[in-house]
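Here is how the chains run, residue by residue.
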Amino acid sequence: MPRTPVVDQEACIGCENCTLVCPEVFRMQEEEHDGHSHGKAMVYNPTGAPEAKIEAAMDQCPVACIYWG
């Protein structure tokens, strides 16, 4: 059974690295706070890429907020 990547929404800083490395699995979800828009990464297709490519995206996360669930 394939593993499922998870993004810790509280820790995500919205750098977009994961979406650049693995857009088949990750995308940005826009949120609005106090009239300002800020994106957070989210998993929209957990099996959209090989695990090695997902791990490459995990490795590019500066706050290590993506992990296997």
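Note that the coordinates shown come from a computational prediction; the quantities given were computed from them, not determined experimentally. (Residues numbered from 1 in each chain as written. Predicted model: local features only at pLDDT ≥ 70, side-chain atom pairs only at ≥ 80, totals over all residues. Heavy atoms only, no water.)

Focus: the nonpolar core
Note the following rule: Nonpolar core, defined: a set of buried Ala, Val, Leu, Ile, Met, Phe, Trp, Tyr and Cys residues in which side-chain atoms within 4.5 Å join the residues together. For every residue, the accessible area (1.4 Å probe, protein chains only) is compared with the maximum for its type, and the residue is labelled buried under 20%, exposed over 50%, or partly exposed between those bounds. A run of H or I in DSSP counts as a helix once it spans at least four residues, and a run of E counts as a strand once it spans at least two, with each numbered from the N terminus. Here, two residues are considered to be in contact whenever any of their heavy atoms come within 4.5 Å of each other.
Judged by nonpolar contacts, the single largest core of 15 residues is most densely connected at Val 7, Cys 22, Phe 26, Ile 54 and Ile 66. Elements with a minimum of two residues in this core: α2 (51-60) and β4 (66-68). By residue number, the principal contributor to this core is α2, which donates three residues. Look past the residues within four positions of Val 7 in its chain and what remains in contact with it is Cys 12, Phe 26, Ala 41, Met 42, Val 43, Cys 65 and Ile 66.

Thoughts on α2
Quick note on the threshold: This arc describes the spread of directions from the helix axis toward the C-beta atoms.
For α2, the full list of buried residues reads Ile 54, Ala 57 and Met 58. Taken down its axis, α2 places every buried residue within 105° of arc, on the same side. Turned more than 90 degrees away from the buried face of α2 sit Ala 52 and Asp 59, all of them exposed.

Some remarks on the side chain of Thr 19
We count it as follows: The definition of a polar contact used here is a pair of N or O atoms within 3.5 Å, where within protein one atom must be able to donate a hydrogen and the other to accept one, and adjacent residues in sequence count solely through side-chain atom pairs.
Checked against the element boundaries, Thr 19 lands in helix α1 (residues 17-21). Polar side-chain contacts of Thr 19 include one of 2.7 Å to the backbone oxygen of Glu 16.

Thoughts on the side chain of Lys 40
Turning to its location among the elements, Lys 40 is positioned in strand β3 (residues 36-43). Among the polar contacts listed, one links the side chain of Lys 40 to the backbone oxygen of Gln 9, at a separation of 3.0 Å. In this structure Lys 40 touches Gln 9, Glu 10, Cys 12, Arg 27, Met 28, Gln 29 and Glu 31, once residues within four positions along its chain are discounted.

Considering unusual backbone geometry
Non-glycine residue Glu 16 carries a positive phi angle of around 75°. Relative to the helices and strands, Glu 16 is located in the loop between β1 (5-7) and α1. Relative accessible area serves as the criterion here: at 39%, Glu 16 is assigned to the partly exposed category. With phi around 50°, Ala 64 is a residue other than glycine that occupies positive phi space. Examined against the element boundaries, Ala 64 turns out to sit in the loop between α2 and β4.

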